[in-house]
Amino acid sequence: MKTNPNKKNSLKHVLFGSLIGTTIEFFDFYIYANAAVLVFPQLFFPSSDSTMATLESLATFSIAFLSRPLGSAFFGHYGDKIGRKFTLVAALLTMGISTVTIGFLPSYESIGVAAPLLLMLCRFGQGVGLGGEWGGAVLLAIENAPPNKRAWYGMFPQLGAPIGLLLSGGTFLLLTDSMSNEDFMNYGWRIPFIASALLVIVGFYIRTKITETPSFENSKKEQEEVKVPFLELVKSYKNQLIFGTFAAITTFLVFYLMTVFTLSWATSDLGIVKRDGLLIQLFSVLFFALFIPVSAVVADKIGRRKMLILATAAIAIFGFFFSYFLSSGNIVLVTIFACIGMSLMGFTYGPLGTFLSELFPTTVRYSGASLTFNMAGILGAAFAPMIAIWLAKTYDVSYVGFYLVTAALISLISFLVISKDEHKF
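Since the model is a prediction, treat every value here as computed from it, not as a measurement.

Draft legend 1. The overall build of the protein chain, seen in detail. When helices and strands are counted, the protein chain shows 21 helices and 0 strands. Expected size for 425 residues packed as a compact globule is a radius of gyration near 22 Å; at 21 Å, the protein chain falls within 12% of this value. Projected onto its principal axes, the C-alpha positions of the protein chain cover 65 × 45 × 35 Å. Counting only residues that meet the buried cut, the protein chain has 60% of its 425 residues in that class. Within the protein chain, contacts between residues separated by at least 24 positions form 86% of all contacts whose residues are at least 6 apart in sequence. Approximately 16,300 Å² of the protein chain is accessible, and the part contributed by carbon and sulfur atoms is 68%. With 29 positive and 24 negative side-chain charges, the protein chain shows a separation of 11 Å between the mean positions of the two kinds.

Next comes the structure, spelled out in structure tokens:
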């Protein structure tokens, strides 16, 4: 997988190459999220208590967030040492193989406790793959971008999240509509996991056609390489790592509250049927996708930090309205709630990749951006659905909103105190 340093990436290859990979990765990631709510509690965690089975299933969902920093450290090391291209291909294959394997796993009824253990192992692999994928895809875009359009280029890999979610949710909706519940639980849920192999093949082909980024090539020519990027990060960029992580936690929390928690709460506690729950989620994702490019345009005009501060403040205000929307059980109010939340998600998610990448120099950028993003995933998302369900059932759904407000305040403080050093590209 050699790279020709004299060949430049075309705009089409850069943007499509960054988008296709994250779309595939997030499709794989989200079909697990849907299955963790709709399928896995019954097939892998049989229990007389449906709430406990759901919590056990969501616990395996969190494993990927715990393994993502490992993927960031591993793939980030090689991404900063030998290049973005090879690492992106390896991360894509790691994620793809783990996802396809889930589609062939036997249930608890067939092999007992080995079934959830194998599921956990595959989920671990998904996390490692995505931990390496996101940072590389963002760098592929912004390290090829003009200085005044970094947020615009950097939003293309971010679009992979709503597109992947639309594909995964749409696939589950199509399957549940076209087959009986018995057939869906027996074999239908396996189809999207296995079919993802086709997407991985497409992504693999496109990624092998991409050359290295100009920033990485220039860094190599100037012999700026560091021996161990992770150690250099801890030694010289602690401020960026710590506060970059806290700055990003609200982005993760609002997303998983609006998807996994809302879908679970709407279908289990508000009496909304699964099909309607999926339709609400898919409709709201359109707003997520719409406001990612809008936020990128604004971020290139007023600055990434300012854009993210404004978006986070709006999310904090939104958190106070959880009870009003979700306690009513009114499907119209729930839909409005989901659309507002996902619009805010688009505003905060669009510039985030560019902002985190700009915190670090080229020599440690892959490792730094990936680690901050995925450490934020642990704090903001790994246990968010479980915590939210526990708060809603133990106290009231308004406490889920206060949970979001608290995270937003932490992120706002972090944006204000984080290092403002500029690094060349």
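Draft legend 2. Local environment of the environment of Ile 378. The residue Ile 378 is located in helix α19 (residues 365–382) in this model. Measuring from C-alpha to C-alpha, the distance between Ile 378 and Leu 253 comes to 9.9 Å, with 125 residues separating the pair along the chain. Contacts of Ile 378, omitting those with residues within four sequence positions, involve Phe 65, Leu 66 and Pro 69.

Draft legend 3. Spotlight on the nonpolar core. Counting residues in each nonpolar core, the largest one holds 125 residues, and the members touching the most others are Val 39, Phe 40, Tyr 256 and Phe 261. Considering every element that reaches this core, the biggest residue donor is helix α13 (residues 238–268), with 16 residues. Setting aside anything within four residues of it in sequence, one finds Phe 40 in contact with Tyr 32, Ala 35, Phe 45, Ser 57, Ile 102, Leu 119, Trp 189 and Phe 193.

Draft legend 4. How the structure looks around the side chain of Asn 374. Mapped onto the elements, Asn 374 comes out in helix α19. What makes Asn 374 buried here is its relative accessible area of 0%. Of the polar contacts made by the side chain of Asn 374, one reaches the side chain of Arg 68; its length is 2.7 Å. With near-sequence residues (within four places) excluded, Asn 374 lies in contact with Phe 65, Arg 68, Pro 69, Ser 72 and Gly 131.

Conventions we followed
- Residues numbered from 1 in each chain as written.
- Predicted model: local features only at pLDDT ≥ 70, side-chain atom pairs only at ≥ 80, totals over all residues.
- Heavy atoms only, no water.
- Helix = DSSP H or I, 4+ residues; strand = E, 2+ residues; numbered from the N terminus.
- Rg over C-alpha atoms; globule rule 2.2 N^0.38 Å.
- Buried < 20%, exposed > 50% of the residue type's maximum accessible area, 1.4 Å probe, protein only.
- Contact = heavy atoms within 4.5 Å.
- Areas by Shrake-Rupley, 256 points an atom, 1.4 Å probe, with all protein chains shown as cover.
- Lys, Arg positive; Asp, Glu negative; His and termini not counted.
- Charge placed at Lys NZ, Arg CZ, Asp CG, Glu CD.
- Core = buried A, V, L, I, M, F, W, Y, C linked by side-chain atoms within 4.5 Å.
- Polar contact = N/O pair within 3.5 Å; in protein donor to acceptor, adjacent residues only side chain to side chain.

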